[in-house]
Every structure is written in C-alpha cells, then in structure tokens.
Amino acid sequence: YIQPPSTFITNTNIVNDDLSHITSSSHKSNIKKGLKNIESLGYSFSYQEKLNDSDLEATSTLINLQAKNRGYIARKTKYFSDLQSLVKNAHWFVIRNKEGNIVVSNLVILDSKLKTCFAIYIGKDKSSDELLLYYALKHLSMVWCRQNGYINYDHWGIFKEHPGFSDFKRRFSGIDVS
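Residues numbered from 1 in each chain as written. Predicted model: local features only at pLDDT ≥ 70, side-chain atom pairs only at ≥ 80, totals over all residues. Heavy atoms only, no water.

So, the environment of D125
Topologically, D125 is positioned in the loop between strand 5 (116-124) and helix 4 (126-130). Sequence separation between D125 and N64 is 61 residues, and the spatial gap between their C-alpha atoms is 9.8 Å. Residues in contact with D125, not counting those within four places in the same chain, are L62, L65 and V103. Within the local environment of D125, its side chain forms a polar contact with the side chain of S127, the two groups lying 2.8 Å apart. (Helix = DSSP H or I, 4+ residues; strand = E, 2+ residues; numbered from the N terminus. Contact = heavy atoms within 4.5 Å. Polar contact = N/O pair within 3.5 Å; in protein donor to acceptor, adjacent residues only side chain to side chain.)

Let's talk about the nonpolar core
Ranked by size, the top nonpolar core spans 29 residues in total, and within it F93, I95, V104, C117, L133 and C145 carry the most contacts. Broken down by secondary-structure element, the contributors of at least two residues to this core are helix 1 (25-41), strand 3 (90-96), strand 4 (102-111), strand 5 and helix 5 (133-147). When residues no more than four places from it in sequence are discounted, the contact partners of C117 are F93, V108, I109, L110, C145, Y150, N152, Y153 and D154. Core analysis: the second largest hydrophobic core is formed by 16 residues, L62, L83, W92 and I102 among them. (Core = buried A, V, L, I, M, F, W, Y, C linked by side-chain atoms within 4.5 Å. Buried < 20%, exposed > 50% of the residue type's maximum accessible area, 1.4 Å probe, protein only.)

Here it is, written out as structure tokens:
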C-alpha cells in the first residue's frame, strides 16, 4: 500500500467511553447518535480477521461508492480478497444491520510491532451517513484498538483535496504527521 503524504494519528490511550477526548461538541454528538442508532436498530459492531465472499462483495461495493464520491480509483472485489489473503495483518471493522448485512466497513492493517492500526479503506453508503454510523464505527474501532493493545490509530491520510474528510479525522483528537 502507498502511504499518504501526511496523516492524522490518535493515541488510543485517550479514547474513552464518555468521549471527553473529543473537543468538537458536534462530533461528540454525532458519535453518540451513531452509537444510539446501532443499539436502537439492532445493528452490531465487530472486528473480523477475514470476510467471506459475499461480505467481500458487499463491502467492495460500499468502498467503491466512497471511491466514486471522492474521485479515487475503484477496486474490484478480487483486490480486497487478494489483499486479505496476502496481507496477514489485513482485518476488518464492520457494522452489520439486524439482517447481518454489512452497512459500514473499514479495512485496517494491524501492526503489532508498532502497536498501530492503519485504517486504509472505508465503505459506506448514504443511509449509513444519515444514521451517523461511520462516526460510531471510528470510535468503536479505536476503543477496540485500545482494549487490544494498539496504541496508535492512523486515520490514513490528510488531503488538501478533501478538507471536510480530513477535518472529520482531526476531530477525533490526535496529531498531524507529515
């Protein structure tokens, strides 16, 4: 994978359930709403080492929606299948609806030596945006990382071309790294 020119890193030791590490009141509110929506809709968050073929197809579709919206290169499902097979540290954080379908996904590389989680691909659609599920996924992922000994959560890229997305990452508290 290609490292972006600069990134934003959150130290997971500051991440807590009361969200006091989040300085933006609107960001904190959106995380809380996303968490509430997961609970009220019967959705679930999980960490998965690998996805099966149908889940890979679904998450590939979600990731490619993001790519299209942001002007990135779309990847075929085979790319993600090969990636999770070839890169032993490639894993997934997902939110599933009550029917078990993935509605938000995040492909991550977990580096146990650096104690760092690199969040490299995001998949979501408009309905998950309306429910603020991506906010919840990022928060729950960082909590999982803290609980499992990963000290750093690398949000994977700060880009001048996408200031809104970069600002979103910065609101989780942490430092810019160039």
